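Chain by chain, the residues:
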There are 4 protein chains.
Amino acid sequence: MEKKTLLTHCTDKPGLIAKITNICYKHQLNIIHNNEYVDNTSGHFFMRTELEGYFNDATLTADLDQALPEGAKYKLIGSSRKKIVILVTKEAHCLGDILIKSYDGSLDVDIAAVIGNYDKLQTLTERFDIPYHCVSHDGLNRQEHEQKMLEVIDQYQPDYIVLAKYMRVLTPTFVEKYHHRIINIHHSFLPAFIGAKPYQQAYERGVKIIGATAHFVTDDLDEGPIIKQDVIPVDHTFSAQDMAQAGRDVEKNVLSKALANVLNDKVFVYGNKTVIL
Amino acid sequence: MEKKTLLTHCTDKPGLIAKITNICYKHQLNIIHNNEYVDNTSGHFFMRTELEGYFNDATLTADLDQALPEGAKYKLIGSSRKKIVILVTKEAHCLGDILIKSYDGSLDVDIAAVIGNYDKLQTLTERFDIPYHCVSHDGLNRQEHEQKMLEVIDQYQPDYIVLAKYMRVLTPTFVEKYHHRIINIHHSFLPAFIGAKPYQQAYERGVKIIGATAHFVTDDLDEGPIIKQDVIPVDHTFSAQDMAQAGRDVEKNVLSKALANVLNDKVFVYGNKTVIL
Amino acid sequence: MEKKTLLTHCTDKPGLIAKITNICYKHQLNIIHNNEYVDNTSGHFFMRTELEGYFNDATLTADLDQALPEGAKYKLIGSSRKKIVILVTKEAHCLGDILIKSYDGSLDVDIAAVIGNYDKLQTLTERFDIPYHCVSHDGLNRQEHEQKMLEVIDQYQPDYIVLAKYMRVLTPTFVEKYHHRIINIHHSFLPAFIGAKPYQQAYERGVKIIGATAHFVTDDLDEGPIIKQDVIPVDHTFSAQDMAQAGRDVEKNVLSKALANVLNDKVFVYGNKTVIL
Amino acid sequence: MEKKTLLTHCTDKPGLIAKITNICYKHQLNIIHNNEYVDNTSGHFFMRTELEGYFNDATLTADLDQALPEGAKYKLIGSSRKKIVILVTKEAHCLGDILIKSYDGSLDVDIAAVIGNYDKLQTLTERFDIPYHCVSHDGLNRQEHEQKMLEVIDQYQPDYIVLAKYMRVLTPTFVEKYHHRIINIHHSFLPAFIGAKPYQQAYERGVKIIGATAHFVTDDLDEGPIIKQDVIPVDHTFSAQDMAQAGRDVEKNVLSKALANVLNDKVFVYGNKTVIL
């Protein structure tokens, strides 16, 4: 007996659920869990189906190809553990949370490697027996540095790349190569602050909440499809440094929860938004 | 064209979604929104299906009866506005929030009447052109008072009874008569406080959060199936009175949200829990 | 015996707390509650002192003038109930919450009048025996309309003006006249959305939280000193309309809490931020 | 120049703030930050004063002894880093969070040792170059096991003992020896669940939020003075295992925040509650 997850995304038509579940039924696959969502304004249909049984992928996909409308996209994903590469710069909080969660099994993931543009987090990473690569950007332009990063990343063939406070902007080439497979975390404020020292700006502005947003990376910096967001309350007694510390807590929690959703194949991306089933 | 919601609850079997959606398909009913949930530990299947089209209830239910497993429960609910009766004592915050939300249309409900064991909230209620009945418990035992309450309630034949800070305990007879149709709100604390003056106890205990729980009423006082819960942070600067005020805000918000779920036919009850689809 | 609140704001100097509390002590005024905050980065000192006793304002202020550093600002505020005027357009949720809270005493305020540029909320307001003025902007330019608004407002001499979803932009003249005495509520999103239909944009962007910000109005639209902020979680199942409804709940709660802080003389404004003691 | 924190707790009297700040002023100690709180119902006065300057502890305490009322308690605490010992059983999430926060400096603490009644967390601890002691309870009664634990703990003379999911009940002797110096974290539910498998009970009960409470340990199990509480939302789709995972996240966050408050000398305990300044 195997477990697989079927992700279906197509234009909405009457009877789609019936057609898909009929096929599973016909293949004697037991539906462990099924969620679907129809965006009625755009006419998009999404379904996530956890299946259990003996899979004949060829006949199953043939049946789906025949049943689903023109241009339907579906994926049949096995239950094997996902492989990620984590990119970091100097801050340990997001990396540390993922390392601990992976260590104690609360995040079921294979951390293939951690790559930083500084060596600051090498010791922490290696303490968890995970290879660390320091790829300095010293004396390199963005393209050259990214090229060296990609050489290291590609050898691991990761399912996803996690930017755990990686403080460099990625080029469209990089983003395109790992389309909707790069997850980033960044602080979020109300109102939003542009430019340097956001926590200093937040402090001067006297914000009462501090947030974090985890999203897929697109060319539009910090503006890709949102996976998870959360905030915590702060007040005037918080210094800019206190706000940054509070921000670290919410950043790590939001990134971990977003990553868990992605690793469990719960996240659909369409347009610039996500559907999480 | 009509809109109806089909709520199905039965033991889980392979192909149930297909069978039900096939029937809707055959009846040329468009599925606007479909959610289901399977509790794999107990083997319960739940599905909420919003349908649009021309309904032939007789043939539709005949098809469902034939397709669904032994002992399946389902309801086909029209889109007509639900009728509620609100029971109160002296506190205005929960009643007031429902009155305003009903007034501005953010809660789509027909408030048939408000009934209180005091007349304190009569003026507020009547300002919204809703009949208010004062049924005092003076000189009556619980059964006698409830009997008089029921005489007033029954004439309105409400779909649901909302206890908006109604501070009297209901008898099993009353609860049984409106089985899973009575919604109550009560404050909740960590840890829980038994007995009188809970906010005074919470203050003395120095709790850091104050909560509220909306639930269906069962014989087990304050222990029925939970519909909605929320909390707000408090600290040592809150007096017992401040905590009570903070509690009122969370109580009214939780009750309104729970009521909205119930009125939209999103809530299934089984065992002592709810499934909200 | 009277109760008054002393608000002190000046540049920080050693011994300020001692000096001020000594003066209260000398005047045999009992300190019921005292909070202070020093912003060490800017060197600002803030103190809120709740006093009880027999007040000789003349000698008390003379002592304070003598004791406090050059340019110190302080206010000695009596415990009389504050008077507010509420400006509205068409949405009832914020107005309704304030009306109910004032009605049941959980907000201790005198609502002198409600003024709208439409008559939609007249009935609701008058049901609470509060005068409603409809000042239509039809055929008037911004200055002309504001002039007519001010004529109505000024006759009430309010302590504060509450913009309870008043959807018109105020001119610098208006804002200046009621400097730091106008409280506004607006929805807030991560990321922020500029332009029309913010909830539609939020829906299309797939945000996971929706927030509200209550702030004092300055010339910089929606950018004055923040008094209170909060958010609620949403997800992909929320339509733009659902998000707007969820937003209404958080808007009214945030505005009420901000208003309570202002009415209790807990809010200091300096620069573009608030200190709440 | 040194930094010290003065914590004062006594019965409330007029002029206390003046007296204390006068003494600091006289000693030419600069008040960096001062917070006080008066519990008017019980007549307790609390003040936390961060001081900077050249300290003459002997004359300073002499002045305080002379100025403060009968039975006043005060502590003058240096800015040296606190030493803790962490007790664990098998769960890594709370320990891991403290290890990472200590490693990256966001928690300023000296983790002297980790002691477990199993060896499961030895590797993780030693990866951070912190000594781990496994003190098995096999074949020992509670007193015998605690005696062996104390022998290990005492050699480190910790300021505080952190129970990071240490699943053994402590005896009154142990609790008394480290009076108000033992910090525990435990899950909290609304309603509270007694007995084994709380997450299973929470699942069966269909709770909508899951919480955690950090508190000082007293003889009354899980009922000592509360330092920090928080909750996260859950729903019917959460299995008992999902709830436990969600609980781990809130447990670790609440414990870390409570620990930060304790380490920064912000927490007063009186009666069965805390005041956090």
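Residues numbered from 1 in each chain as written. Chains lettered and ligands numbered in written order. Predicted model: local features only at pLDDT ≥ 70, side-chain atom pairs only at ≥ 80, totals over all residues. Heavy atoms only, no water.

(A) Examining the overall build of chain A more closely. Per the secondary structure count, chain A includes eight helices and 13 strands. Expected size for 277 residues packed as a compact globule is a radius of gyration near 19 Å; at 21 Å, chain A falls within 12% of this value. Summarising its shape, the C-alpha atoms of chain A cover approximately 60 × 40 × 35 Å along the three principal directions. For chain A, the residues scored as buried account for 58% of the 277 residues in total. Contacts in chain A between residues at least 24 apart in sequence constitute 65% of all its contacts with a sequence separation of at least 6. (Helix = DSSP H or I, 4+ residues; strand = E, 2+ residues; numbered from the N terminus. Rg over C-alpha atoms; globule rule 2.2 N^0.38 Å. Buried < 20%, exposed > 50% of the residue type's maximum accessible area, 1.4 Å probe, protein only. Contact = heavy atoms within 4.5 Å.)

(B) How the structure looks around the relation of the copies chain C and chain D. Under the fitted operation, chain C is carried onto chain D by 0.0 Å of movement along the axis and a turn of 180 degrees, and the coordinates agree to an RMSD of 0.0 Å. Expressed as an axis order, the relation between the two copies is that of a two-fold axis. It is Ala18 of chain C whose C-alpha, among those of chain C, lies nearest the rotation axis, at 2.1 Å. (Least-squares fit on C-alpha atoms with pLDDT ≥ 70 in both.)

(C) Highlighting the relation of the copies chain A and chain C. For the match of chain A to chain C, the screw axis carries a shift of 0.0 Å, the RMSD comes to 0.0 Å, and the turn is 180 degrees. Interface overlap between copies: 100% of the residues of chain A at the interface are likewise at the interface in chain C, consistent with a symmetric, same-surface contact.

(D) Structural detail: the pairing of strand β6 (residues 109–116) of chain C. Residues and elements named next belong to chain C. Counted residue by residue, β6 has seven buried out of eight residues, so it is predominantly covered. Judged from the seven bridges that link them, strand β5 (residues 82–88) and β6 form a sheet pairing that is parallel. Counted as the bridge partner of Lys82 is Val109 from β6. Handedness of the crossover joining β5 and β6 through helix α3 (residues 93–103) is recorded here as right-handed. Alignment of β6 against strand β7 (residues 132–134), held across three bridges, turns out to be parallel. Among the inter-strand pairings, Val114 is bridged to a residue of β7, identified as Tyr132. (Pairing = 2+ DSSP bridges. Right-handed = clockwise from strand over helix to strand, strands pointing away.)

(E) The packing of aromatic side chains, seen in detail. In total, this model carries 22 aromatic pairs over all chains according to the counting rule given. Residues Phe46 of chain B and Tyr270 of chain B carry aromatic rings whose centres are separated by 4.7 Å and whose planes lie at 55 degrees to one another, so their mutual orientation is tilted. Of this pair, Phe46 of chain B sits in strand β3 (residues 44–53) while Tyr270 of chain B sits in strand β12 (residues 267–270), and the two are 224 residues apart along the sequence. Accessibility expressed as a relative area gives 0% for Phe46 of chain B, which makes it buried. For the pair Phe174 of chain D and Tyr178 of chain D, a centre-to-centre distance of 6.1 Å together with 40 degrees between the ring planes defines the contact as tilted. Here the two residues Phe174 of chain D and Tyr178 of chain D agree in accessibility, since each one is buried. A network of ring pairs unites the aromatic residues Tyr37, Phe46, Phe268 and Tyr270 of chain A as a single cluster. Positioned above the aromatic ring of Tyr118 of chain A is the side chain of Lys90 of chain A, whose terminal nitrogen or guanidinium carbon lies 4.4 Å from the ring centre. (Phe/Tyr/Trp six-rings, centres within 6.5 Å; stacked < 30°, edge-to-face > 60°. Lys NZ or Arg CZ within 6 Å of the ring centre and 35° of its normal.)

(F) Highlighting the interface of chain A and chain C. Counting from both sides, the interface comprises 32 residues of chain A and, opposite them, 32 residues of chain C. Counting each side, the surface lost to burial between chain A and chain C is near 2700 Å², with a carbon and sulfur contribution of 54%. Seen at the junction of chain A and chain C, the total is two salt bridges. A salt bridge links Arg205 of chain A to Glu223 of chain C, with the nearest nitrogen and oxygen atoms 3.1 Å apart. It is strand β11 (residues 226–233) of chain A that provides the largest number of residues to the side of chain A that touches chain C, a total of six residues. (Buried area = accessible area lost by both parts, 1.4 Å probe. Salt bridge = Lys/Arg side-chain N within 4 Å of Asp/Glu carboxyl O.)

(G) Region of interest: the interface of chain C and chain D. With 17 residues of chain C at the interface, the matching set in chain D holds 16 residues. Area buried by chain C at its contact with chain D is led by Ile17, Tyr25 and Glu36 of chain C, which between them contribute 28% of it. The interface formed by chain C and chain D includes zero salt bridges. Taken together, the connections running from chain C to chain D amount to six residue pairs in polar contact (both at pLDDT 80 or more). For the side of chain C that touches chain D, the secondary-structure elements that each account for two or more residues are α1 (16–26) and β2 (30–39) of chain C. Counting residues per element, the side of chain C that touches chain D draws most heavily on β2 of chain C, which supplies eight residues. A per-class count over the side of chain C that touches chain D returns seven nonpolar, eight polar and two charged. (Polar contact = N/O pair within 3.5 Å; in protein donor to acceptor, adjacent residues only side chain to side chain. Nonpolar A, V, L, I, M, F, W, Y, C, P; charged D, E, K, R; others polar.)

(H) Inspection of the pattern of salt bridges at higher detail. With the rule as written, the count across this model stands at 52 salt bridges over all chains. Residue Asp249 of chain B pairs with Lys252 of chain B through a salt bridge whose shortest N-O separation is 3.6 Å. A residue pair is termed a helical-turn pair when its members lie 3 or 4 positions apart in one helix, as Asp249 of chain B and Lys252 of chain B do in helix α8 (residues 240–263) at three residues. Both residues of the pair, Asp249 of chain B and Lys252 of chain B, belong to the buried class. Notably, a salt bridge pairs Asp57 of chain C with Lys4 of chain C, separated by 2.8 Å at the nearest N-O pair.

(I) Highlighting the sheet that holds strand β8 (residues 160–163) of chain C. All names here are of chain C. The strand order across the open sheet formed by seven strands is β7-β6-β5-β8-β9-β10-β11, and the pairing between neighbours is mixed. Strands with a single pairing partner mark the edges of an open sheet, and in this sheet they are β7 and β11 (226–233). The average angle at which neighbouring strand axes cross in this sheet is 20 degrees, direction not considered. Taken together, the seven bridges between strand β10 (residues 209–216) and β11 define a ladder with antiparallel strand orientation. Across the sheet, residue Thr213 finds its bridge partner in β11, namely Gln229. (Axes fitted to C-alpha atoms, helices over the stretch in contact; angles between N-to-C directions.)

(J) Molecular detail of the packing of helix α1 (residues 16–26) of chain B against helix α2 (residues 57–67) of chain B. All names here are of chain B. One can describe the packing of α1 onto α2 by two numbers: an axis separation of 10 Å at closest approach and a directional angle of 155 degrees. Relative to α2, the element α1 lies roughly antiparallel. For the element pair α1 and α2, the recorded crossing hand is right-handed. Within the contact between the two elements, α1 uses Lys19, Ile20, Ile23 and Lys26 and α2 uses Leu60, Asp63, Leu64 and Ala67. Tallied by class, the residues present in the contact of α1 with α2 amount to five nonpolar, no polar and three charged. (Parallel < 35°, antiparallel > 145°, perpendicular 65-115°, else oblique. Left-handed = near helix turned anticlockwise from the far one by under 90°.)

(K) Spatial organisation of the environment of Leu259 of chain C. All names here are of chain C. The topology assignment puts Leu259 in helix α8 (residues 240–263). For the pair Leu259 and Gln66, spaced 193 residues apart in sequence, the C-alpha to C-alpha distance is 33 Å. Apart from residues no more than four positions distant in its own chain, Leu259 is found in contact with Ile84, Ile98, Leu107, Val162 and Ile183.

(L) The arrangement of the confidence of the model for chain A in detail. For chain A, the average pLDDT comes to 93, and 98% of its residues sit at 70 or higher. For this predicted complex, the interface score ipTM comes out at 0.93, alongside a pTM of 0.94. (pLDDT = per-residue confidence, 0-100.)

(M) Focus on the side chain of Asn117 of chain C. Residue and element names in this part refer to chain C. Mapped onto the elements, Asn117 comes out in the loop between β6 and α4 (122–126). Overall, the relative accessible area of 4% leaves Asn117 in the buried class. Looking at Asn117, its side chain comes within polar contact range of the side chain of His137, at 3.3 Å. Leaving out residues up to four positions away in the same chain, Asn117 has contacts with Val88, Thr89, Cys134, Val135, Ser136, His137, His145, Tyr166 and Arg168.

(N) Up close: unusual backbone geometry. All names here are of chain B. Positive phi, close to 45 degrees, is recorded for Gln157, a residue that is not glycine. Structurally, Gln157 can be placed in the loop between α5 (142–154) and β8 (160–163). Among the residues examined, Gln157 registers a relative accessible area of 63% and is labelled exposed. Positive phi values are uncommon outside glycine, yet His180 reaches one of about 60 degrees. In this structure, His180 sits in the loop between α6 (172–177) and β9 (182–189).

(O) Focus on the environment of Val135 of chain D. Residue and element names in this part refer to chain D. Looking at the secondary structure, you find Val135 in the loop between β7 (132–134) and α5 (142–154). Judged by its relative accessible area of 7%, Val135 is buried. Dropping the residues within four chain positions of it, Val135 is found in contact with Ile115, Gly116, Asn117, His145, Lys148, Met149 and Val152.

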